Amino acid sequence: MKNGLSRVAALATICYGVALAGGVAAAPCGRPDVDLTFPPNQAENVPTNAVLSAHYAAPALYNDEPVDVTDADGNAVAVTATFDAADSTLRATPSQELVSGHLQIVWPALRGVSGSGGVGRGSMTSVLVGSAADEAPPSFSGLTGIDWDLSRERDPCLDKLEDRFVFKLQVGAAADDLATDLLSLTIFQTRDPSAPEQTGPSELGVRALPADSSIEVRRPTTQAGDTCFAAVVQDLVGNVSGGGEREVCIKTKKPPFFAGCAVGSAALGAGPTPSGSVFSLWLLGLVFLRRGRLGRQPLRAV
Amino acid sequence: MLYVMRVVALPFACQAKRCRSAAAMFLLSAVACVSAVACARTGLYPGELGDGEPGSADASGASSMGGVAPVPSTPVTPGSPSTKVSGPAPCQPSPETCNGRDDDCNGAVDDLPAQACPGGGFRFCVAGRMSECPRRCDVCVPGSVRVCENSFCSYWGEQECAADGQGFGNCKEAAPPPECDGVAKQHKNSKELEQCCIDNGYCCLDEHDLDGDGDRAEVLGACGDIVCQ
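Residues numbered from 1 in each chain as written. Chains lettered and ligands numbered in written order. Predicted model: local features only at pLDDT ≥ 70, side-chain atom pairs only at ≥ 80, totals over all residues.

Visitor: Looking at this structure, I do not really get the pairing of strand 5 (residues 79–84) of chain A. What am I missing?
Guide: Looking at chain direction, strand 5 of chain A and strand 6 (residues 89–94) of chain A are connected through six bridges and run antiparallel. What sits directly across from Thr82 of chain A, in strand 6 of chain A, is Arg91 of chain A. (Pairing = 2+ DSSP bridges. Helix = DSSP H or I, 4+ residues; strand = E, 2+ residues; numbered from the N terminus.)

Shown next, in the form of structure tokens:
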């Protein structure tokens, strides 16, 4: 009996895991799920003057849905909720300083702007408020490195493969008077080959400050060329760091990258290197060698 | 150079191992020549890919693009009448502005608070300039659909926005709505059909430049749920 129960439990766990994995893999098309909260779930030492916020993955419609904040005793904490449609962020500002202890925040599900989006998923986070307020702005050494590649992934809206430039940005050190896992990172594109007459840096979005000092940014492949990024960090009060003056830049190239055996025509950094053709010749040479060796082996009797 | 030597030497090493296949030797020699030419021409070596190649790191600091250009080192001749050897000028504090400099001499560059935008979001001082106010998406609202025209059977099509909002997909043929069916049959891919699309409350690609502004990639009509502004 006990054995049977454990089998059922194991099966249920596997099914739940598969369902969860499926949910993660099949990203919804235009559905405004909560994809980021500040402070993050299980955060500790949250400052008493924190502004709580949740970012929605797609543009959403806000119809005064409440943000439910309760303390450890189940008492409601009064907050004023405002939705910023420009950055798809719902902010909840507590009416008075938060009291030290556990806090549970329920972020509402919002309806998507596009017809296909439907209603997104809300989120419930649990955090521990500390005893100190956040006073000083964070410091940040800016982005420190950049690399790029091309990705080709199936788009859930278009149901076809879409090309994107993937930029891997190295994030420098950040510090604050409280823990750095409470900081958010705002990324900007400061040079865009598809908008050469860009008036100012364009905001690409907000992320949690990465623990591994690396983040990926996906951009369209419509135009290739010089591309630059910069970033700043913000604390839960809205204080902004420096570091945004440091740009990282790289030059992208439109796919396909290998344009044939261009031994004599390509200029430095401007065309395909002959590495592809060299590799092909190597491979062909090895095949010939292999065949030659096999050809010299004596035939075995059947 | 080491790489060139290695590649050139490989066929001979192969010979020492009694590789007697003439074809293989020929190919390997060709490879060596090509590698040598390529490396000599471009200065590129495996593991040292130049800019533009995926995987290459061409990162630069503020001085690379749009930032402060590096000051070229000039030779200083001691004793020369025109030479002035002095330390950096003392910082003269002034109110911090967004210019890529530490105006208030507090050791931080452009440490300015974010500015609220009238339509929501904030502007930040980045790379010596104030950022643009954020928009709710890059190109289009993810999953939204605009009407396009094509030259196939129905002359009516739909384009869906990608999940990351960074562009539209292909124009897929669709049946025109009843109110534009007759226009499509009579005028095919035309200004009339685009006008019918707009008049009937759709968000339509301005392929025929009906507003005469020269922009055929914009959308006209009921596009509130599709555009990013």
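Visitor: Would you mind showing me how to read the sheet that holds strand 11 (residues 143–155) of chain A here?
Guide: Residue and element names in this part refer to chain A. Pairing is antiparallel across the open sheet formed by three strands, whose spatial order is 11-12-16. If you trace the sheet from one side to the other, it starts and ends with strand 11 and strand 16 (214–220), each paired once. Geometrically, the sheet is characterised by an average inter-axis angle of 25° between neighbouring strands, direction not taken into account. In the sheet, strand 12 (residues 160–171) pairs with strand 16 via seven bridges, with the strands oriented antiparallel. Looking at the pairing, Phe165 lines up with Arg219 of strand 16. (Axes fitted to C-alpha atoms, helices over the stretch in contact; angles between N-to-C directions.)

Visitor: Is there a simple way to think about the domain arrangement of chain A in this case?
Guide: Bring the parts together and some accessible area is lost; that lost area is often taken as the interface size. Residues and elements named next belong to chain A. Examined at the domain level, chain A breaks down into domain 1 (25–129) and domain 2 (139–251). Using only C-alpha atoms to locate each centre, domain 1 and domain 2 end up separated by 23 Å. In this complex, domain 1 contributes 18 residues to the contact, which on the side of domain 2 involves twelve residues. Here the residues of the side of domain 1 that touches domain 2 are counted per class, giving 13 nonpolar, four polar and one charged. (Domains from an automatic or database assignment. Contact = placed C-beta atoms within 7 Å. Nonpolar A, V, L, I, M, F, W, Y, C, P; charged D, E, K, R; others polar.)

Visitor: Can you walk me through the confidence of the model for chain A in this structure?
Guide: Parts of the model with low pLDDT should not have their predicted coordinates read in detail. All names here are of chain A. Taken residue by residue, chain A gives an average pLDDT of 82. The fraction at 70 or more is 75%. Between residues 8–26, whose pLDDT stays under 50, and residues either more than four places distant or in other chains, the model counts one contact. Overall, residues 294–302 carries pLDDT values under 50, and its contacts beyond four positions in sequence, including any with other chains, amount to zero contacts. (pLDDT = per-residue confidence, 0-100.)

Visitor: Any chance you could explain the environment of Ala133 of chain A here in plain terms?
Guide: Residue and element names in this part refer to chain A. Among the secondary structure elements, Ala133 is positioned in the loop between strand 9 (123–129) and strand 10 (139–140). Sequence separation between Ala133 and Glu197 is 64 residues; the distance between their C-alpha atoms is 42 Å. The contact partners of Ala133, leaving out residues within four places of it in the chain, are Pro47, Thr48 and Asn49.

Visitor: For this particular structure, what's the right way to read the confidence of the model for chain B?
Guide: Residues and elements named next belong to chain B. Per-chain confidence: chain B averages 73 in pLDDT, with 62% of residues scoring 70 or above. Counted against residues more than four places away or in other chains, residues 31–53, with its pLDDT under 50, gives 50 contacts. Counting interchain partners and residues more than four positions distant, the pLDDT-below-50 stretch residues 55–83 has 47 contacts. Per the prediction output, this complex has pTM 0.71; the corresponding ipTM is 0.75.

Visitor: What's the story with the packing of helix 3 (residues 178–187) of chain B against helix 4 (residues 191–199) of chain B in this structure? I'm lost.
Guide: Each pair of packed helices can be summarised by the angle the axes make with each other and by the distance between the axes. Residues and elements named next belong to chain B. Relative to each other, helix 3 and helix 4 sit at 170°, their axes nearing to 9 Å. With respect to each other, helix 3 and helix 4 are oriented roughly antiparallel. Here helix 3 contributes Glu179, Cys180, Val183, Ala184 and His187 to the contact with helix 4, which in turn contributes Glu192, Leu193, Cys196 and Cys197. Tallied by class, the residues present in the contact of helix 3 with helix 4 amount to six nonpolar, one polar and two charged. (Parallel < 35°, antiparallel > 145°, perpendicular 65-115°, else oblique.)

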